[in-house]
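# Topology and contacts: notes
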Amino acid sequence: MITRSVIYGFCYSAENNFIMMKRLALLIMVVSFSLLTLDAQDGKRLTILHTNDFHSHLQGFAPESAYTPGVADNDPTVGGFSRIAGIITEVRAENPGNTLVVDGGDCLMGTLFHALEPESGFQLSLMKQAGYDVVAMGNHDFDFGPAAYAGIIRKSVQRGEIPVILMGNAITDPDDPGDDAFEAVMNDGLIKRWYVTEVDGLKIGLFSLLGKDADNSAPYAPPVTFEKIVSSGKYLVKELQQQGCDVIICLSHSGIVKDKKGRWTGEDVELAKKVKGINLIVSGHTHTLLDQPLMVNGVPIVQAGSAGMFMGRAELVVRDNSVKLETYELIKVDDNITADSLIQMAIIEQEKAIDSIILKPLGMEYSQPVAVTTFPLDVDEYGDIAGSNMGAMVADAIYCYFNNDGPGADIALVAAGVIRDPLMPGAQCVPDIFRVMSLGSGNDKVPGYSLSKVWVTGRELKNIARILIFLSSSTPSNFCYYSHLNIEYDPDRLFGKVRKIELTDQEGKVTEVNTSKKDKRLYSIVANSYMLDNLGLIKKKTFGLVSLVPKDVSGNPITDMDNAVSDFNPAMPGIQEGKEWLALVRFIRQFSPESEGGLPAIPEMYRDPARSLVPVNSRK
């Protein structure tokens, strides 16, 4: 068994040769960048290190049990905040006095660490300790709500210094008390719209934006809303120009994507086209990994993927009132990086708090092995998303959990966008399983969106499938996986594609769903509360073209979706909520081990599972 001391021990002495090789490589990097500095003799150089969509990935993965940040043993994991801190330390040593470290938003929400943020304010202070200067807000930073995020900032400040936090285009409502706490931290300067700092005699102006798609993915941000990024960008650039800034950097949590013809597009592309005066856009939100900057109207756009797997390094040269991106590289955050031991020790201490506060009451431990897999399980939003093996397994897990431990339902569904991390071959511990379904919170102390149940007619079930298939063609995160439901659809028809829906009960009996308007039979659906909230808005989103009214068991319309949250133990006071990640833990624990006494093994049937959405072409 791999012990905790082996996993986390900082045993550098045993790896002298390996470390000497790493130091030689770093020396070569230092010499290379020193030569580049000589090329800018009559100008000044600014080094920008950047991440985005970090999502609280403080430990390396996957699986996390293989992560050994203090031992140079070629472990296969990527990411890890102590490694990122190590990169920052090395680069600052190479470039004393002219390095700026920034993040493009969505620092929170993605691992068990984020669950303690409202009480601890741990991560922002840790980011400052690691060397971050400026951090933008993203949509997931609002997942606890604007008041709770304001509370996280207050808690963080109590712990010590934090990075400058930027949110440039937020609009608060003076008449709504729901964002008063958020307004207060802005008024106190703990969240700024723009920021000016001096680096090596240069005045550097920074501002942040949150785009339309990110806004649509921030259901708990209201009453905070967001102004359009182009109009806000023009105003904020003008503000920074009036401050006499030599360099203007935008941290834009808006994103870039490729269209069907393979061309780069997206909100940050439009920003670069329409807003003059920006020298660098550090992009986020779309989790895009750019190995080279995307140049739009002479403005470089950079983005470094997600989860801290890579860190970007941009070298700007300021000469004769012009700013030029001279070099750019992506630094892979892996075992070649010398980790920061103090940062890692702080993370381990926070891990102990997770054990005590969250996992122990659930009968679990952070490092507890749960299962093993010999093949990867993932959701590829930009590839064969319909063939994802992870989506099928999560949907089955929710169905079994809800029907074995909860109140029961006919159908389980899960959207691709809430499946966050893969499971990679090896032993899977509790945090590995949690990261798969890590988003959201409920009304209890257990992290994760609550599982809810609604009833719909067969006709409405067809409408749900139609809308989700249609929306997923442009936004893959809307693609849905079903358990105990099969849908035949025509991929050549733009709308109204669904041809047949079949329901399979727990005994395996298959029944075709009657989708006629006249049939009033109700079918129960279980999904997380966030997804069912959005299903309830289908009529509004389709401008009344598609009608969908979520109902209770008696057929009465549900006007408050909080009432749809399911109680897993009605005998106890209050509502005992179910969570998707708990469903996944319990589901895979029931699998048979590959060998006697071994961990449960995810079965081969999930390597290439049957699809719940079946394309049937009606044209000859």
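To keep things clear, this report deals only with the structure shown in the data block. (Residues numbered from 1 in each chain as written. Predicted model: local features only at pLDDT ≥ 70, side-chain atom pairs only at ≥ 80, totals over all residues. Heavy atoms only, no water.)

For the protein chain, the helix and strand inventory stands at 17 helices and 26 strands. For 620 residues, the compact-globule estimate of 2.2 N^0.38 gives 25 Å, and the protein chain sits close to it at 25 Å. The principal-axis extents of the C-alpha atoms in the protein chain amount to approximately 80 × 60 × 55 Å. Of all 620 residues assigned to the protein chain, the portion counted as buried reaches 55%. Taking contacts inside the protein chain between residues at least 6 apart in sequence as the whole, the part at least 24 apart equals 75%. Total accessible area on the protein chain stands at roughly 26300 Å², and carbon and sulfur atoms take up 52% of it. Between the mean site of the 58 positive side-chain charges and the mean site of the 77 negative ones, the protein chain shows a separation of 7 Å. (Helix = DSSP H or I, 4+ residues; strand = E, 2+ residues; numbered from the N terminus. Rg over C-alpha atoms; globule rule 2.2 N^0.38 Å. Buried < 20%, exposed > 50% of the residue type's maximum accessible area, 1.4 Å probe, protein only. Contact = heavy atoms within 4.5 Å. Areas by Shrake-Rupley, 256 points an atom, 1.4 Å probe, with all protein chains shown as cover. Lys, Arg positive; Asp, Glu negative; His and termini not counted. Charge placed at Lys NZ, Arg CZ, Asp CG, Glu CD.)

This paragraph deals with the sheet that holds strand β12 (residues 280–283). Sheet architecture is open: 6 strands sit in the order β6-β7-β9-β12-β14-β13, paired in mixed fashion. Among the strands making up the open sheet, the edge pair consists of β6 (194–199) and β13 (294–296). Strand-to-strand twist of the sheet, defined as the mean angle between neighbouring strand axes without regard to direction, takes the value 25°. Pairing of β12 with strand β14 (residues 299–302), which is carried by 2 bridges, proceeds in the parallel orientation. Its bridge partner being in β14, Val282 is matched across the sheet by Val302. (Pairing = 2+ DSSP bridges. Axes fitted to C-alpha atoms, helices over the stretch in contact; angles between N-to-C directions.)

Two elements in contact, helix α3 (residues 81–94) and helix α11 (residues 341–359), have axes separated by 8 Å at closest approach and are oriented at 155°. In terms of axis orientation, α3 runs roughly antiparallel to α11. Regarding α3 and α11, the two cross each other, and that crossing is right-handed. Contact residues: α3 offers Phe81, Ser82 and Ala85, while α11 offers Ile343, Gln344 and Ile347. Within the contact of α3 with α11, the residues separate by chemical class into 4 nonpolar, 2 polar and no charged. (Parallel < 35°, antiparallel > 145°, perpendicular 65-115°, else oblique. Left-handed = near helix turned anticlockwise from the far one by under 90°. Nonpolar A, V, L, I, M, F, W, Y, C, P; charged D, E, K, R; others polar.)

Spatially, 4 strands are ordered β20-β25-β18-β21 in an open sheet, and the strand pairing comes out mixed. With partners counted over all chains shown, the strands left at the sheet margins are β20 (451–457) and β21 (480–483), one partner each. Taking the axes of each pair of neighbouring strands and ignoring which way they run, one obtains an average angle of 30° across the sheet. In the sheet, strand β18 (residues 411–415) pairs with β21 via 4 bridges, with the strands oriented antiparallel. Bridged to Val414 within β21 is Tyr481. This element, helix α12 (residues 389–404), spans β18, β20, β21 and β25 (522–528) of the sheet and lies at about 140° to β18.

Along strand β7 (residues 202–210), 8 of the 9 residues are buried, which leaves the element largely enclosed by surrounding structure. Here β6 hands over to β7 after 2 residues, with Asp200 in that stretch at a positive phi of 55°. Where β7 and strand β9 (residues 247–253) come together, 7 bridges link them in parallel fashion. Of the residues in β9, the one forming a bridge with Leu210 is His253.

The next subject is the packing of helix α6 (residues 146–159) against helix α7 (residues 180–187). Where α6 meets α7, the axes come as close as 7 Å, and the angle between the chain directions of the two elements is 40°. As the angle between them shows, α6 and α7 are arranged oblique. Along this stretch, α6 crosses α7, giving a crossing that reads as left-handed. For the pair formed by α6 and α7, the contact residues are Pro146, Ala147, Tyr149, Ala150 and Arg154 on the first element and Ala181, Phe182, Ala184 and Val185 on the second.

This brings us to the pattern of salt bridges. For the structure shown, the criterion picks out 24 salt bridges. Two residues, Arg313 and Glu315, come together in a salt bridge whose shortest N-O distance is 2.8 Å. Using a relative accessible area of 0% as the deciding quantity, one classes Arg313 as buried. Exposure remark for Glu315: the relative accessible area of 0% places this residue in the buried category. The shortest N-O distance in the salt bridge between Lys352 and Glu349 comes to 3.0 Å. On the criterion of helical spacing, the pair formed by Lys352 and Glu349 is a turn pair, its members being 3 residues apart in helix α11. We classify Lys352 as partly exposed; its relative accessible area is 45%. Within this structure, Arg45, Glu94, Arg313, Glu315 and Glu326 form a network of salt bridges that share partners. (Salt bridge = Lys/Arg side-chain N within 4 Å of Asp/Glu carboxyl O.)

The next thing to look at is the environment of Val91. Looking at the secondary structure, you find Val91 in helix α3. According to the relative accessible area criterion, Val91 is buried, its value standing at 3%. It is 9.8 Å that separates the C-alpha atoms of Val91 and Ile48, two residues lying 43 residues apart in sequence. Residues contacting Val91, with those up to four places away along its chain left out, are Thr47, Leu49, Thr99 and Arg313.

With that out of the way, let us pick up helix α5 (residues 122–130). For α5, a buried count of 7 out of 9 residues is recorded, marking the element as mostly surrounded by other parts of the structure. Taken together, the buried positions of α5 are Phe122, Gln123, Leu124, Ser125, Leu126, Met127 and Ala130. Positive backbone phi, at 120°, marks Gly131, one or two positions downstream of α5.

Right, let's get into the packing of aromatic side chains. Applying the stated criterion to the full structure yields 14 aromatic pairs. Ring centres of Phe591 and Tyr606 lie 6.4 Å apart, and the angle between their planes is 45°; this geometry places the pair in the tilted category. Pair noted here: Phe591 is in the loop between α17 (580–589) and β26 (613–615) and Tyr606 is in the loop between α17 and β26, with a separation of 15 residues, a long-range link. As far as burial versus exposure is concerned, Phe591 and Tyr606 are alike and both buried. Counting every residue linked through ring pairs, the aromatic cluster contains Phe54, Phe81 and Tyr132. (Phe/Tyr/Trp six-rings, centres within 6.5 Å; stacked < 30°, edge-to-face > 60°.)

Mapped onto the fold, Thr51 is located in strand β1 (residues 44–51). For Thr51, a relative accessible area of 1% puts it in the buried group. In this structure the side chain of Thr51 is engaged in a polar contact, spanning 2.6 Å, whose partner is the side chain of Asp103. Reaching out from Thr51, the side chain makes a polar contact with the side chain of Tyr132 at a distance of 2.8 Å. Sequence-distant contacts of Thr51, that is, excluding residues within four places in its chain, are made with Val102, Asp103, Gly104, Tyr132, Phe310 and Met311. (Polar contact = N/O pair within 3.5 Å; in protein donor to acceptor, adjacent residues only side chain to side chain.)

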